[in-house]
Amino acid sequence: MRRVVDIREGELRPTLHLAGLLALLIAGHTVGETARDALFLSRLPPERLTLVYVLLAALSLAVGAATAALATRFGRRAALVVTLAVCAAGAVALFLAPLGPVTVFVLYLASGIAGTVLTLQFWMLAGPLFTVAQGKRLLGPVAAGGVLGAACGGGASALALRAVPTSALLLLAAGLFVGAAALAARVPVPPAAERAPQATRRTWWRGDLAALRKDRFVLLVAAMTTLGTATALVADYLFKSTAARSFQPQELGSFFATFYAVQNSVALLVQVVVTGLLVRRIGVTGGLAVLPLLMCTGGLSGVVSGGAVAAFAAKGADGSMRHSLHRVASELVLLPMRAELRDRVKPLLDTLFGRGAQALTAGAVLALASFGLDDPRTLSWVMLGLGLAWLATVAAIRTPYVDLFRRAIARGELPGGAADDLDVAAIEAVMEALASSDEQTVVAAIDVLHESGRSRVLPAIILYHASPRVLERALVVLASAERRDWVPLAKKLVDHGEAGVRACALRALAAIGDEPAVQRGLSDGDDRVRACAAFFLAQRRAAEAPQQAPEIALILARDGEEGARARAALLGIIAELGDAAWLPVVEAVVAREGGAAGVPALVAAAVLRTGDERFLPYLIGQLGANDGRGVIRDAVAAMGEPAFAALTAALEDGGTAPRVRLEIPRRSPSCAPRRPSTGSPRGWGGGQRGAALQAAARLERLRQLGSDTSGARLRFDRRMFEGEARKNLVEHFRMVALTDALCRSGDDARAEGTAVGRVLLGLLGDKRNQSLDRAFRALQLGHPDEDLGSVQAAVTRGDKRARANALELLEALPVSAAETKELVRLTAEELPPAQSVARARRALGSSPDAARIETHAGHHPAVLRLLEDRDDVVAALAAYHALDSGAAALVREAQGTLDARPSLGNLGARQPLAREGRVNAR
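The rules we used
- Residues numbered from 1 in each chain as written.
- Predicted model: local features only at pLDDT ≥ 70, side-chain atom pairs only at ≥ 80, totals over all residues.
- Heavy atoms only, no water.
- Salt bridge = Lys/Arg side-chain N within 4 Å of Asp/Glu carboxyl O.
- Helix = DSSP H or I, 4+ residues; strand = E, 2+ residues; numbered from the N terminus.
- Buried < 20%, exposed > 50% of the residue type's maximum accessible area, 1.4 Å probe, protein only.
- pLDDT = per-residue confidence, 0-100.
- Contact = heavy atoms within 4.5 Å.
- Core = buried A, V, L, I, M, F, W, Y, C linked by side-chain atoms within 4.5 Å.

Novice: Help me understand the pattern of salt bridges, please; the structure alone is not making it clear to me.
Specialist: Side chains that carry opposite charge are capable of pairing whenever their charged atoms lie near each other. The full count for this structure, using the stated rule, is 23 salt bridges. Across the pair Glu-724 and Lys-727 runs a salt bridge whose closest N-O atoms are separated by 3.3 Å. Placement of the pair is Glu-724 and Lys-727 together in helix H33 (residues 718–743), with a separation of three residues, close to one helical turn. Given the relative accessible area of 10%, Glu-724 is considered buried. Between Arg-901 and Asp-872 there is a salt bridge, with the nearest N and O atoms lying 2.8 Å from each other. Of this pair, Arg-901 sits in the loop between helix H42 (888–900) and helix H43 (912–921) while Asp-872 sits in helix H41 (residues 872–885), placing them 29 residues apart in sequence. Three or more residues joined by partner-sharing salt bridges are found here, namely Glu-33, Arg-36, Asp-37, Asp-236, Lys-240 and Lys-315.

Novice: What is the right way to look at the confidence of the model for the chain in this model?
Specialist: As a note on interpretation, predicted positions should not be read in detail where pLDDT is low. Of all residues in the chain, 78% have pLDDT values of 70 or greater, and the mean over the chain is 76. Within the chain, helix H7 (residues 169–184) carries the highest mean pLDDT (91), whereas H43 carries the lowest (38). Confidence drops under a pLDDT of 50 for residues 672–714, and excluding neighbours within four residues, the segment shows 85 contacts in the predicted structure. Here residues 909–922 is a poorly scored stretch, pLDDT under 50, and it has 14 contacts once near neighbours within four places are set aside; other chains count.

Novice: I tried to follow the nonpolar core on my own but got confused; where do I start?
Specialist: Buried together is how nonpolar side chains tend to be arranged in soluble globular proteins. By size, the foremost hydrophobic cluster in this structure holds 140 residues, and its most contacted members are Leu-84, Phe-122 and Phe-256. Top contributing element to this core by residue count: helix H10 (residues 216–246), with 15 residues. With sequence-adjacent residues up to four places away left out, Leu-84 is seen in contact with Leu-21, Leu-25, Leu-118, Phe-177, Ala-180, Ala-181 and Ala-184. Counting 80 residues, the second-largest nonpolar core is a separate cluster that includes Leu-458, Ala-517, Ala-531 and Phe-535.

Novice: Can you walk me through the side chain of Gln-263 in this structure?
Specialist: Mapped onto the secondary structure, Gln-263 falls in helix H11 (residues 249–305). According to the relative accessible area criterion, Gln-263 is buried, its value standing at 9%. Setting aside its immediate chain neighbours within four residues, Gln-263 contacts Lys-315, Gly-316, Gly-319 and Ser-320.

Novice: I'm lost on the environment of Gly-858 in this one. Help?
Specialist: Looking at the element boundaries, Gly-858 is found in the loop between helix H39 (848–852) and helix H40 (859–867). C-alpha separation for the pair Gly-858 and Leu-742, spaced 116 residues apart in sequence, amounts to 6.5 Å.

Here it is, written out as structure tokens:
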């Protein structure tokens, strides 16, 4: 099954459980639906369907609220088990009741409500078990279980009706519901996904409508649900009224059973063969557009022909797609939403909007029928209009859908942005999180209160927490609130054991003007705390000329290593909190020790707040420094066109250091005059130096650029940078393949077995990360409107959900070459290294680049390949590791390599006699 469906470790059991449960659930509903339709239309006229639709809408609101309350109180799984048991008992009771008009009317209502509630409860249970990336792989197989159940239910109904009356199908449906309840009780559900969140604990659906007013994405999903339900209802009414006119009452049961069996068999084929492929190729929003497009086609056919074939085709398309491709895409489109918002919105979509649209559409159809306008051609016109509106809504939903992932990646949180209005239940949950033993959870809860404007709710006793990280964040938040109950506790933290906590306490106390408390920091044993105290005292006493404050003058005049540390700490505070008045202090530090390690980066961070041009020559001269080069670049770029002129002059100056000269092109594009461009900046080409500069420019990330008076932006040729990204991605996967082979546990020898081997692994890891970094930088140049730096951070350091969000955003990235896009996408996939390499090779197909990503059987072949590497350092480390490994074959190859490439022996202590003696001993 894993070969067919891409199910990974730990995912098989829950996927099979959910697929089997959905199969039994849908099979039972399909059997009951067959009996319901046949019995209803054989005893009542089709016009009564409109009344049923209206009543279903009203009843579903109350039932939906009861379902949410049940899931909140007893858990999602328990609620589903109870509902299945009630459905089974109801089916038996209706079978035993006399079959009159009232009974079949009640049967239709009960079946419709059961279908709504059961599918809602199932997807409420299944949805939180997967991330978006998992959902794309696993919701298809799960939904396939439902389609298989529908096909089997239709087939079983058709076979059963050859021997039993139509009403006996209710007993078969009851048996299937009982089997589904037994399986639901055994579905593995993590405790975190078992209970509905507290925000869903409401007694009526109106309280959740507030979510729709604030989120355009939710509004579009609601509109899509409304229009889709309305279109499906018109198709359903057209289909059933046409069937009632075309068949005798005694033939309806056999017709419906056969039609549903064929329809669901097609749906199963679509689910197994088409759904996964389409979702991967055209995306979630593209998958949502397939069904409305088919419904528009059916409506157009009905307008042209007006016959029964068009009605049956429209219903067949709806039945084949709605519970296969459309169901999967509908569930996937909701997964990026925050769990709390999704659990509030989903019941509304399935009850208020779904059934509400059903009631309004039923009323409209009833009005048409009263005027004699319910003929197939008129209803086809209605279906065509609704389908077109539905299709337009799906087209509009793509942008906000992708924006969910942009916000998630940029802010490092679940999609949906910062905390919205917190109700009482939500605040209660946050207060519970503040008592957690996990410091990350506590910090997140503090951030929620701060971002929602409820800092006053944060209790001052949080300052008794044991975690320094929690104390530092709490002090920042409490100091920004208009309250003073935290001050006594903050004063105690001035003597805390962690310097960071003491500095934050001084900052908080300085914010309220507590000068005596800040004064105590001048005698602290830590440089950062003393610098913090001196900064705030100078800010208070000599804000216009802080260099004249005695505390600052003392730091500037202090000699020795202690003085250097104090000045570095002061620069750090200025970089974080200073303003232009502090620039003379920065200038004094630069004049005294501008070349000391770490000082250029601190100066750049301080200058970055003001963009003062007097530091341009100094900062450009420090571009070649290894320490803090990134912040130095940003500080230069922030100065705009003056920086561009200074960089150009430095590039033309023959006395500029070579390392600085190489760095200049990396900054020039982001501070150049804002003019349109489709290639490299003018004057960068020509000769070896020009080629080096262009290569450096291609690898540098292009941040959001400003615009000139014409609004033009600096842009480069996208394909050139995508080609550069491809080259580095190939190198990335080559390193992945080599590292995996060197570490493969099945080998007798592994790279970790020798000290040199461990260094070799570290070097290959650095190369792997550097190639990935260069690839994302190149993509950023080609796609300057995307924040691919945040995406890269999520790929390399994010958790499972962050990587899933990054994957979704990468899939939406308009990369020209399909191979390059697939390679980028694979970097965010959570795959074992061997699978990742195999997929990268498949993505490249017959391209020469595929041969560069070699697959190695194990440690020994990988070492032999590394001995041939063009990088002397890599080859030398591989040779020394081979000598230390003790494997005779590797030792012979390593000695041959060292003899053939004498330069490798100059890279380290070879110790030939010791190694030769070891080999001879063998």
